[in-house]
Amino acid sequence: MANKYLYPQNSATRQVVDLSGMWKFAFDFESEGDVKGYKNGIPDGILLPVPASFADFFTEKLYKEYTGDFWYETEFYADIAWADRDVDIRFYAAAHVAEVYFNGEKVAYHHGGFLPFTINVNKQLKYGVPNRIVVKLNNELSHTTLPCGEYKVLKNGRKLTAPYFDFFNYSGLIRPVKLVITPKNSIVDITLNHRTESKTAYTDYTVETVGAGNVNVEVYDEKHKKVAAVSGNNGTVEIKNAHLWQPLNAYLYTFEFTLSDNGVIYDKYSLEVGVRTVKVVGNRILINETPVYFKGFGKHEDSAVCGRGYNLPFIKRDFELMKWIGANSFRTSHYPYSEEIYQLADREGFLIIDELPAVGMLVSTRNAVDAATAAKIKPFFEEEIVQTVTLKNHINTLEECVQRDKNHASVVAWSLLNEPDTTGSEKAIPYFKALFDKCAELDVQKRPRSFAHIIASQPDKCLCTHLTDFVMLNRYYGWYLLGGYELEDGFARLDEELTKWDKTGKPVMFTEYGTDTLPGLTRLPAIQWTENYQEEYLEGYHKIFDKHDCIMGEQIWNFADFQTTEGIIRVDGNKKGIFTRERNPKHVAFGLKKRWDKLPVNYKGNK
Ligand code: GCB
């Protein structure tokens, strides 16, 4: 079995071995690792923590900015008890392109830095001697990578990354690597879809298995009471008087799947399941048939030193801050996040707009500024290679993402791209159509699909809005244009634009709006970059949102300050956070909390 999709778990039949720790590491400035046989072991590797991105460990720029091939290596001993089982190596994410060698043999190639892949190593596994994993990674950006960008070669021969997006191109083994040991007869995939009829919930399920055995499903409520039991690889679980999973009021049933034969248990896997429905009706998104108003943020996985590395303490802190401020949702801008974030969102009742790493599909290193000033930009979707290779990579990534995240109650919508060029060329249309159709085909729950519209993608100009189920808007009137003393004109422009979106009849959600703000800087009257300017800007936006019926969500850019490429419009990163990078509140956080604590979850629900 090439890829086992389920999130690894320990159970009576399964074992997970974490390979986190110090790995050997080497930069490969001259791309000579292949000819020098690094696949059999890195000769002079330094030690580096896994999981983490490598950039922020070093004091030399040459390493921080490193672009090209780089290598990781570790070893482990196999337990003889695994001899009659399947042994897989699971990379939770490897940014961005990975080639994996196991005991000297190439066992995998994976494109894309934010989704897991699993490699079966039964054939190569040795007992009694160390087993060696070597990974060759590459972090160069191009028009076919997700995210997109380019690099240039400096006079000294070093490569400089030029992302078409506004976050640091952190890379490396950014999430855990684990061994997953499963029985030969096992459960490999589970797909759930829910519907409700008065007080009864029906969950249609499909279980994919390998080897022998029959499937049984038992469902337990939060008090560990059995509430349903069925048999078969697919069928329907019926729960009477069901507790539905609600925003900020989660209820999770435990679905226990057992593969067995005549009383012999081969495999067991359990899932925490929130039963809920999602659909779009008119200009509303309904969860369990009730309109929901989204309050929250676009975020990043970003923290000092770890970079984009998996950081469980920050994950926990972020949820506590989001609950404190009255948020109920976030977008995984601009890539699928660590799986543990979705698990916590399921538990806390947060709504997630799950975004693919399709950011930078606009040929510009300062997208928001260029789009705001209507700079002439070479149309991205005109390129032949985009229509072929990029689209193929994009669809693979979509498949992996839906596959990974399909059963999470928290995932209520898909964002298939961030700020693509949807005005430059009609060739965007077939590209988007292929993507949107594929998403509907893959997702049995048929969650609403969209993409984040850049300012140039206006209601009368965007060629692709008609393919969306709801509209996501990133707008910076009052910042990148009409800022400072022109702020009132900025609000007027926003108001005018929303009047046009109102007429489309679709739900419209703000997925970005905000101002760079230096904590501690205040002036009277307010000027750009001050804390009180951030407050005036957000208050102005919110007044306008409250006027327009189509607006059914506000997600501010950004939850916290985050690192970007250096440059003249960024001071040590993007400072649009409501919290600092250390997760301390800026002044605006307190006013925002007042607004969000007051807004009911079904705000604008009753027409
Ligand atoms: C955007 C991008 C986001 C940037 C933000 C900004 O439109 O989607 O990635 O960070 O603007 O602050 O410029």
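The rules behind these values
Residues numbered from 1 in each chain as written. Predicted model: local features only at pLDDT ≥ 70, side-chain atom pairs only at ≥ 80, totals over all residues. Heavy atoms only, no water. Pairing = 2+ DSSP bridges. Helix = DSSP H or I, 4+ residues; strand = E, 2+ residues; numbered from the N terminus. Axes fitted to C-alpha atoms, helices over the stretch in contact; angles between N-to-C directions. Parallel < 35°, antiparallel > 145°, perpendicular 65-115°, else oblique. Left-handed = near helix turned anticlockwise from the far one by under 90°. Contact = heavy atoms within 4.5 Å. Patch = residues over 30% accessible without salt bridge, like charges linked within 9 Å, V, L, I, M, F, W, Y side chains within 5 Å. Areas by Shrake-Rupley, 256 points an atom, 1.4 Å probe, with all protein chains shown as cover. Salt bridge = Lys/Arg side-chain N within 4 Å of Asp/Glu carboxyl O. Lys, Arg positive; Asp, Glu negative; His and termini not counted. Charge placed at Lys NZ, Arg CZ, Asp CG, Glu CD. Buried < 20%, exposed > 50% of the residue type's maximum accessible area, 1.4 Å probe, protein only. Phe/Tyr/Trp six-rings, centres within 6.5 Å; stacked < 30°, edge-to-face > 60°. Lys NZ or Arg CZ within 6 Å of the ring centre and 35° of its normal.

S.K.: So what about the sheet that holds strand β6 (residues 97-102)? Which residues, and what values?
M.R.: Pairing within the open sheet is antiparallel, and its six strands lie in the order β3-β2-β4-β9-β6-β7. Among the strands making up the open sheet, the edge pair consists of β3 (46-50) and β7 (105-111). Geometrically, the sheet is characterised by an average inter-axis angle of 30 degrees between neighbouring strands, direction not taken into account. Here strand β4 (residues 69-76) pairs with strand β9 (residues 131-138) via eight bridges, running antiparallel. Bridging from a neighbouring strand, Asp69 pairs with Asn138 of β9.

S.K.: I'd like a rundown of the packing of helix α7 (residues 487-502) against helix α8 (residues 531-547), residues and numbers included.
M.R.: Two elements in contact, α7 and α8, have axes whose closest approach is 10 Å; the angle formed by their N-to-C orientations is 25 degrees. Taken as axis vectors, α7 and α8 run roughly parallel relative to one another. Crossing geometry of α7 relative to α8 is assigned as right-handed. Here Leu487, Phe491, Leu494, Asp495 and Leu498 of α7 lie close against α8, whose contacting residues are Tyr533, Glu536, Tyr537, Gly540, Tyr541, Ile544, Phe545 and Lys547.

S.K.: Explain a negative patch on the surface to me, using residue names and the numbers behind them.
M.R.: A grouping of Glu486, Glu488, Asp489, Glu536 and Glu539 is seen on the molecular surface, where their side chains present a negatively charged patch. Of all the elements in the fold, those that place two or more residues in the negative patch are α7 and α8. Within the secondary structure layout, Glu536 lies in helix α8. Taking relative accessible area as the criterion, Glu536 reaches 39% and is therefore assigned partly exposed.

S.K.: Give a description of the packing of aromatic side chains that names residues and reports values.
M.R.: This structure, assessed with the given rule, holds 58 aromatic pairs. For the ring pair Trp479 and Tyr533, a centre distance of 6.3 Å and an interplane angle of 55 degrees mean the geometry is tilted. One end of the pair, Trp479, is in the loop between β28 (471-474) and α7; the other, Tyr533, is in helix α8, and 54 residues separate them in sequence. For the pair Trp479 and Tyr533, one class covers both residues: buried. Sitting above the plane of the Phe168 ring, Lys64 keeps its charged end 4.8 Å from the centroid. The ring of Tyr92 has Arg90 lying over it, and the distance from NZ or CZ to the ring centre is 4.5 Å.

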